[in-house]
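An overview of the molecular structure
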Amino acid sequence: MCALIATAQNNSADSKMDRFINDLMKNMTIEEKIGQLNLPSSGDITTGQAQSSNVSDKIRQGIVGGLFNIKGVEKIREVQRIAVEESRLGIPLLFGMDVIHGYETAFPIPLGLSASWNMEAIEQAARIAATEASADGICWTFSPMVDISRDPRWGRVSEGNGEDPFLGGEIAKAMVRGYQGTGTEKYKANNSIMACVKHYALYGAGEAGRDYNTVDMSRIRMYNEYLYPYKAAIEAGVGSVMASFNEVDGVPATANKWLMTDVLRDQWGFNGFVVTDYTGILEMVDHGIGDLQTVSGRSLKAGIDMDMVSEGFLSTLKKSLDEGLVSQKDIDQGCRRILEAKYQLGLFADPYKYCDVNRAKKEIYSDEHRAAARKIASESFVLLKNEANTLPLKKKGTIAVVGPLGNTASNMPGTWSVAVDLTKPATLVEGLKSVAGKDVDVLYAKGSNLTEDAALEARATLFGRELNRDNSTDDQLRKEALAIAAKADVIVAALGESSEFSGESSSRTTLGIPDVQQLLLKELVKTGKPVVLVLFTGRPLTLTWEQANVPAILNVWFGGTEAAYAIGDVLFGDVNPSGKLTMTFPQNVGQIPLYYNHKNTGRPLKEGAWFEKFRSNYLDVTNDALYPFGYGLSYTNFTYSDLKLNTTELTKDGEIIARVTVSNTGKVDGAEVVQLYIRDLVGSVTRPVRELKGFEKVMIKAGESKTVHFKITPELLKFYNYDLDYVNEPGEFEVMIGGNSRDVQKTKFILK
């Protein structure tokens, strides 16, 4: 009965919206309709090369549908006033921004956030980001970014959720819920904003790990490995979708009708609007599929509704309409979708819904939000090594913090933290001093620059993330650091990437800790003192030497505005690390792409083996990852035992309950991410060696054991076959449960 009432209410609301928009569009000129499809940048925050001009005049003319990258509720309120009070029809604007992992309170970069494996925390982070952004006038965020990637050379892995579609889908749903609200509460409050899932589609599969590069893959791979996180966001009710820069099947996504209409709308039932990425329409001229008028018309007919920055729609659609290249229906359809989004957000009822100037003072960068960011950041860190219990550190004695990332505030939030005041975060030195207390003396030496190459360092420290390059020689910097280290009981080496070493347009061909930092680390290890590598990175790095020689390695990604304190919490043991990797760390770049859910070959190498002639392997290195997907250590130890199924036969309408006992055999309480993998042993098409199909983060006290349950259903076993039918096939399946994708307990069942 409740469902019927809710459906009736939704139908009534839709009918009311339809009547309102029908009446409005009857009064709109063709220029005003095309204007709704136009999304210029305000120019406040640089995210590309193009700049819009005379924006206010265009708003008065009714030829702007929204603005992005304008910051500050007072400015937004004034611009909205121009739209509502000075344009002919008074249609309100959308205001968007790249709110990627927080607003002024920044959370870990998305790759780090995904390493928490905590969906409640991820949803909370999105909810806080929506609260802060909306308090500053923003009603639309270009997030979540859910592109699957198996190539850490691509800098934007920092902005995604790793290599696995199942986990990526769960995160997509959590973030959409956090931004938008759910059910009847969706968009209702003035602190809920519209999400935009991106980059649709396949953006993370660019050749050579180079940003914006060509993508070419089979449709069976698209459906089984890459498309699911976008679809999960659609199923969660995401309001908008952003097209990707790359081509799909030889046609750029922005003009790809199969992608934007056949799949997105006809197969998945998406009813929101689609926006291009920055200058996405104009860039198709360089792709080589036509001039601006041609590519603009193709984009509209493919299913694009809003043109970000290119102004191809604004400058060519009227001409294309007159020439019969596009239809009135094409333009009306895009216009209606934009107006529906504004209606659903409540902007027609109250254009100033997000313009309460009093909210920003108390709801942005609040103590409550910062405390949540600190806690969530501490869950994202991954302990990669901890030889001889080097960690946690004692809160006494002398600690030497050495490295170019040890005393920077601006690099702590990470890439794509465009709204953050970069002077506010604490440095690592300040964070450690705060957490350690009065009985610890914290010393600091830079030790090296970011890289030997000054030009490379300049490219890796854009947007106010400079590290104040030191003009001393590399040898002088190392000597200063070693002198400081000599005074300490333990050395914390703050090394790795700067925040802009990863992110958009930040691809790399080598993935090690940069040259002079590597030399510094080797000298620190030679001192014989305990060395803790606090690794800052936005991507998997090649850490073969570090794994072999450094006693302890804590990967802290870029943990947001509260990262320094969260790192202190973990280093000193106030928080037991529980993060697990969501991307495989290779031994070297030559193994890439390296990912856990790969296919077998006809000549597979046995797991754990190295070289065997005429098998699929390398001469010079094993096939193994340095750190596998799902890997992460703790200050305690977890053991797995007694994997059992309640039945070994699964019927088409039945279920199997898999149970495993997880025991904390150490001396401190800790959280463990218990992971379920399944392998379809025989299929009509080849199937991966294992696929993540479930996970649960469980807190287990020292000396305690818990039984963790997973439900396995026929639905969980479905995949897209050669004909792209979504099916499960009878046969034998292997169940694997463990603390990472490599170290698992195994058993089998049969699907009847």
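Here, the structure is the one placed above.
Every chain is numbered on its own, with residues counted from 1 as its sequence reads. With pLDDT at 70 or above as the cut-off, local features in this predicted model cover only qualifying residues; side-chain atom pairs require 80 or more to be listed or tallied, and sums for whole chains, interfaces and linings still use all residues. Working from all heavy atoms in the structure, the side-chain values ignore hydrogens and water.

1. A short note on the overall build of the protein
- Summing up its helical and strand segments, the protein has 22 helices and 26 strands in all.
- In terms of C-alpha radius of gyration, the protein reaches 26 Å, essentially the compact-globule figure of 27 Å for 752 residues.
- A principal-axis box enclosing the C-alpha atoms of the protein has dimensions of 80 × 65 × 50 Å.
- Each residue's exposure class comes from its accessible area (1.4 Å probe, protein chains only) as a fraction of the maximum for that residue type: buried when under 20%, exposed when over 50%, partly exposed otherwise. The buried share among the 752 residues of the protein stands at 61%.
- Contacts between residues were defined by any pair of non-hydrogen atoms, one from each residue, lying within 4.5 Å. Considering only contacts within the protein whose residues lie at least 6 apart along the sequence, 79% involve residues at least 24 apart.
- Carbon and sulfur atoms form 48% of the exposed surface of the protein, whose accessible area is close to 28400 Å². The helix and strand labels rest on DSSP assignments: H or I over at least four residues marks a helix, E over at least two residues marks a strand, and numbering proceeds from the N terminus. Atoms considered for the radius of gyration are the C-alpha atoms alone. The globule rule reads 2.2 Å times the number of residues to the power 0.38. For accessible areas, the Shrake-Rupley method is used with a probe of radius 1.4 Å. Any residue's cover is judged against the shown protein chains and nothing else.

2. Thoughts on the sheet that holds strand β3 (residues 94–97)
- Two strands pair under a simple rule: DSSP has to find at least two bridges between them. In spatial order, the strands read β2-β3-β4; together these 3 strands make up an open sheet with parallel pairing. Of all strands in the sheet, those bounded by a partner on one side alone are β2 (66–68) and β4 (140–141).

3. Digging into helix α20 (residues 515–526)
- An expected span of 1.5 Å times one less than the residue number is assigned to each helix. In this model, α20 (12 residues) spans 17 Å end to end at C-alpha, consistent with the 16 Å of a helix rising 1.5 Å per residue.
- Listing the buried residues of α20 in full gives Val 516, Gln 517, Gln 518, Leu 520, Leu 521 and Leu 524.
- Those residues of α20 hidden inside the fold are in contact with β12 (397–402), α19 (474–486), β14 (490–496), β15 (531–536) and α21 (544–549).
- Of the residues trailing α20, Gly 528 is marked for its positive phi of about 85 degrees.

4. Topic: the side chain of Glu 379
- Relative to the elements of secondary structure, Glu 379 occurs in helix α16 (residues 367–380).
- By relative accessible area, which is 11% here, Glu 379 ends up buried.
- Engagement of the side chain of Glu 379 in a polar contact is seen with the side chain of Asn 118, the distance being 3.2 Å.
- Excluding residues that lie within four positions of it along the chain, Glu 379 makes contacts with Ala 115, Ser 116, Asn 118, Ser 578, Gly 579 and Lys 697. Polar contacts, as counted here, are pairs of nitrogen or oxygen atoms within 3.5 Å of one another; within protein the pair requires one atom able to donate a hydrogen and one able to accept it, and residues that are adjacent in sequence qualify only if both atoms are side-chain atoms.

5. Quick word on the packing of aromatic side chains
- Only Phe, Tyr and Trp rings are paired, with Trp represented by its six-membered ring, and only when their centres lie within 6.5 Å; those with planes under 30 degrees apart are stacked, over 60 edge-to-face, the remainder tilted. Overall, the coordinates contain 24 aromatic pairs when judged by the stated rule.
- Here the aromatic rings of Tyr 200 and Tyr 230 are separated by 5.5 Å at their centres, their planes lie at 80 degrees, and the arrangement is edge-to-face. On the criterion of sequence distance, the pair formed by Tyr 200 in strand β5 (residues 196–200) and Tyr 230 in helix α9 (residues 228–235) is long-range, its members being 30 residues apart. Comparing Tyr 200 with Tyr 230 shows no difference in burial state: the two are buried.
- Between the aromatic rings of Tyr 720 and Tyr 726, the centroid separation amounts to 4.7 Å while the plane-to-plane angle is 35 degrees, which identifies the pairing as tilted.
- Residue classification places Tyr 720 among the buried residues on the basis of a relative accessible area of 15%.

6. Some details on the nonpolar core
- Within the largest apolar cluster, 151 residues are counted, with the highest numbers of intra-cluster contacts made by Trp 140, Tyr 200, Ile 712 and Ile 737.
- Residue contributions to this core peak at 10 residues, all from helix α6 (residues 119–135).
- Within the second largest apolar cluster, 81 residues are counted, among which are Val 157, Ile 399, Leu 405 and Phe 558. To form a nonpolar core, buried Ala, Val, Leu, Ile, Met, Phe, Trp, Tyr and Cys residues must be joined to one another through side-chain atoms within 4.5 Å.

7. Remarks on the packing of helix α11 (residues 280–287) against helix α12 (residues 292–302)
- What counts as an axis is a line fitted to C-alpha atoms, over the stretch in contact for a helix, and the angles between N-to-C directions run from 0 to 180 degrees. Between α11 and α12, whose axes approach to 9 Å, the crossing angle comes to 120 degrees. Taken together, α11 and α12 sit at an angle that is classed as oblique. The crossing of α11 and α12 is right-handed. Contact residues: α11 offers Ile 281, Leu 282, Met 284 and Val 285, while α12 offers Leu 292, Val 295, Ser 296 and Ser 299.
- Residues belonging to the contact of α11 with α12 are distributed by class as follows: 6 nonpolar, 2 polar and no charged. We call two directions roughly parallel when the angle between them is under 35 degrees, roughly antiparallel when it is over 145, roughly perpendicular when it lies between 65 and 115, and oblique otherwise. Crossings are classed by handedness, with left-handed meaning an anticlockwise turn of the near helix from the far one by less than a right angle and right-handed meaning a clockwise turn. Only Asp, Glu, Lys and Arg are considered charged, only Ala, Val, Leu, Ile, Met, Phe, Trp, Tyr, Cys and Pro nonpolar, and every remaining residue, Gly among them, polar.

8. Overview of helix α4 (residues 73–86)
- The end-to-end C-alpha separation of α4 is 19 Å, in line with the 20 Å expected for 14 residues at 1.5 Å each.
- Within α4, the full set of buried residues consists of Val 73, Ile 76, Val 79, Gln 80, Ile 82 and Ala 83.
- Residues of α4 that are buried in the fold lie against α3 (55–60), β2, β3 and α6.

9. Focus: the packing of helix α8 (residues 219–226) against helix α10 (residues 257–267)
- For the pair α8 and α10, the least separation of the axes is 15 Å and the interaxial angle reads 50 degrees. With respect to α10, the axis of α8 lies oblique. In the packing of α8 onto α10, the handedness of the crossing is right-handed. Of α10, the residues touching α8 (which contributes Arg 219, Met 222 and Tyr 223) are Trp 258, Val 263 and Gln 267.
- For the contact of α8 with α10, the class distribution of residues is 4 nonpolar, 1 polar and 1 charged.

10. Thoughts on the sheet that holds strand β19 (residues 656–664)
- Strand order across the open sheet formed by 3 strands is β17-β19-β22, with antiparallel pairing between neighbours. One side of each edge strand has no neighbouring strand; the edge strands of this open sheet are β17 (638–645) and β22 (705–712). On average, each strand axis in the sheet is inclined to that of its neighbour by 20 degrees, with strand direction left out of account.
- Alignment of β17 against β19, held across 6 bridges, turns out to be antiparallel. When the bridges of β19 are listed, Phe 638 appears paired with Asn 664.

11. A closer look at the side chain of Thr 636
- Tracing the backbone shows Thr 636 in the loop between α22 (563–571) and β17.
- One polar contact links Thr 636 to Asn 664, side chain to side chain, over a distance of 2.5 Å.
- A polar side-chain atom of Thr 636 sits 3.3 Å from the main-chain amide nitrogen of Gly 666.
- Not counting residues within four places of it along the chain, the set of residues in contact with Thr 636 comprises Asn 576, Asn 664, Gly 666, Lys 667, Val 668 and Gly 670.

12. Concerning unusual backbone geometry
- Each neighbour pair has its own omega, and for Leu 391 with Pro 392 the value is 0 degrees, a cis peptide bond.
- The amide bond that connects Ile 592 to the next residue, Pro 593, takes the cis arrangement and shows omega of 5 degrees.
- Inspection of the secondary structure puts Pro 593 in the loop between α22 and β17.
- Of note in this structure, Tyr 212 is not a glycine but carries a positive phi near 70 degrees.
- On the secondary structure map, Tyr 212 appears in the loop between β5 and α8.

13. Remarks on the environment of Ile 750
- Summarising the element assignment, Ile 750 is placed in strand β26 (residues 744–751).
- Along the backbone, Ile 750 and Pro 730 are 20 residues apart, and their C-alpha atoms lie at a distance of 7.3 Å.
- If we skip the residues at most four places from it in the chain, Ile 750 touches Thr 648, Glu 649, Leu 650, Gly 731 and Glu 732.

14. Notes on a nonpolar patch on the surface
- A cluster of nonpolar side chains, Trp 610, Phe 611 and Leu 619, forms an exposed patch at the surface whose accessible area comes to about 350 Å².
- With respect to the helices and strands, the residue Leu 619 is situated in the loop between α22 and β17.
- On the basis of relative accessibility, which here comes to 68%, the residue Leu 619 falls in the exposed class. Put simply, a patch holds well-exposed residues, over 30% relative accessible area, that have no salt bridge, with like charges counted together within 9 Å and Val, Leu, Ile, Met, Phe, Trp or Tyr side chains within 5 Å. We count a salt bridge whenever a side-chain nitrogen from Lys or Arg sits within 4 Å of a carboxyl oxygen from Asp or Glu.

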